[in-house]
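Below are the chains, spelled out letter by letter.
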Amino acid sequence: MNHGDYSGKLRIFKDGRLLVDCECAPSCDIVDATPGQFVSHAGAKRGPGEWPRMIWVHEREGPRISIERTPFMRYFRHAGMKVEKRQRDKFHKDEFLKCSACGKERRFKLTSLVRCRAYHDAMLMEKTWTCAMHPFIKMDCDTEAERASRMLARGCPAKGTCRGCPLCTCTGCLMCRYPDCGCQECDEYIRNVGSADMSGRYHRV
């Protein structure tokens, strides 16, 4: 795909997201950009909301066509409608924890109860936590850190580079707050609202 002289690789996800890795130059580190961000990066003078008319996709056989004329847009809009219908749902975005030895930030994907608990416990010992203690990825302080552009992606289902919108920011649930923990954050949650959750009314996460 391209916009003008800016080429890129379009990636399509099952949840309907369209993300672009820019290939305008070998030194460009723009990855996981939304189509609107890609168009802005290319220097477009129109608004980012007009990107469907400004991005062209190369077919395997035949000439390039505007992305708004492809099935991708129907898929993208359908997925957007599904996201809009579940605005009250909460997702746990990816979090980062800094190694106390080398200072590199390591990603934790909070996609399950086990992963959320592992991150929570690691946070409680952040002053002494090191890369080698990561529970899901074998690494040490010599392992290369994520590029800054990659770290922008936090797993939000609405926007690839979201850092914490109301859709993906959970303010407390039994997936990330624990009755057996004892820290102030968990204790306050369990005392204030946790009793309702434990009786069967769980927050959707």
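Placed above this text is the structure.
Thresholds, definitions, all that
Residues numbered from 1 in each chain as written. Predicted model: local features only at pLDDT ≥ 70, side-chain atom pairs only at ≥ 80, totals over all residues. Heavy atoms only, no water. Pairing = 2+ DSSP bridges. Helix = DSSP H or I, 4+ residues; strand = E, 2+ residues; numbered from the N terminus. Buried < 20%, exposed > 50% of the residue type's maximum accessible area, 1.4 Å probe, protein only. Phe/Tyr/Trp six-rings, centres within 6.5 Å; stacked < 30°, edge-to-face > 60°. Lys NZ or Arg CZ within 6 Å of the ring centre and 35° of its normal. Salt bridge = Lys/Arg side-chain N within 4 Å of Asp/Glu carboxyl O.

Enquirer: Quick one: what's the story with the pairing of strand 6 (residues 95-98), residue by residue and with numbers?
Expert: Note: strand 6 against strand 7 (residues 105-108), four bridges, orientation antiparallel. The partner of Leu97 across the bridge, within strand 7, is Arg106.

Enquirer: Give me the lowdown on the pairing of strand 3 (residues 18-22), citing residues and values where you can.
Expert: Burial analysis of strand 3 places five of its five residues in the buried class, the great majority of the element. Here five bridges tie strand 2 (residues 6-12) to strand 3, and the two strands are oriented antiparallel to one another. If you follow Lys9 over to strand 3, its bridge partner there is Asp21.

Enquirer: Describe the packing of aromatic side chains, naming the residues involved and giving the relevant values.
Expert: Think of a pair of aromatic rings as described by two things: how far the centres are apart, and how the planes are tilted against each other in angle. Tallied over the entire structure, the rule returns two aromatic pairs. Aromatic side chains Phe108 and Tyr119 sit 5.4 Å apart centroid to centroid with 55 degrees between the ring planes, which places their arrangement in the tilted category. Remark: Tyr119 occurs in helix 3 (residues 113-124) and Phe108 occurs in strand 7; sequence separation between them is eleven residues. The burial state of Phe108 is the same as that of Tyr119; both residues are buried. Every member of this aromatic cluster is reached through a ring pair, and the members are Phe108, Tyr119 and Trp129. In this arrangement the basic side chain of Arg117 is found over the ring face of Tyr178, its NZ or CZ atom lying 4.5 Å from the centre.

Enquirer: Can you break down the pattern of salt bridges residue by residue, with the values?
Expert: Inspection of the entire model under this criterion finds eight salt bridges. Note that Arg107 is salt-bridged to Asp94, the shortest N-O span being 2.9 Å. In this pair, Arg107 is assigned in strand 7 and Asp94 in the loop between helix 2 (71-85) and strand 6, connecting sequence segments 13 residues apart. The buried category is assigned to Asp94, whose relative accessible area is 5%. Among the salt bridges present, the one from Arg117 reaches Asp121, with a minimum N-O distance of 3.0 Å. One end of the pair is Arg117 and the other is Asp121, both in helix 3 and four residues apart, which spans about a single turn. What makes Arg117 partly exposed here is its relative accessible area of 23%.

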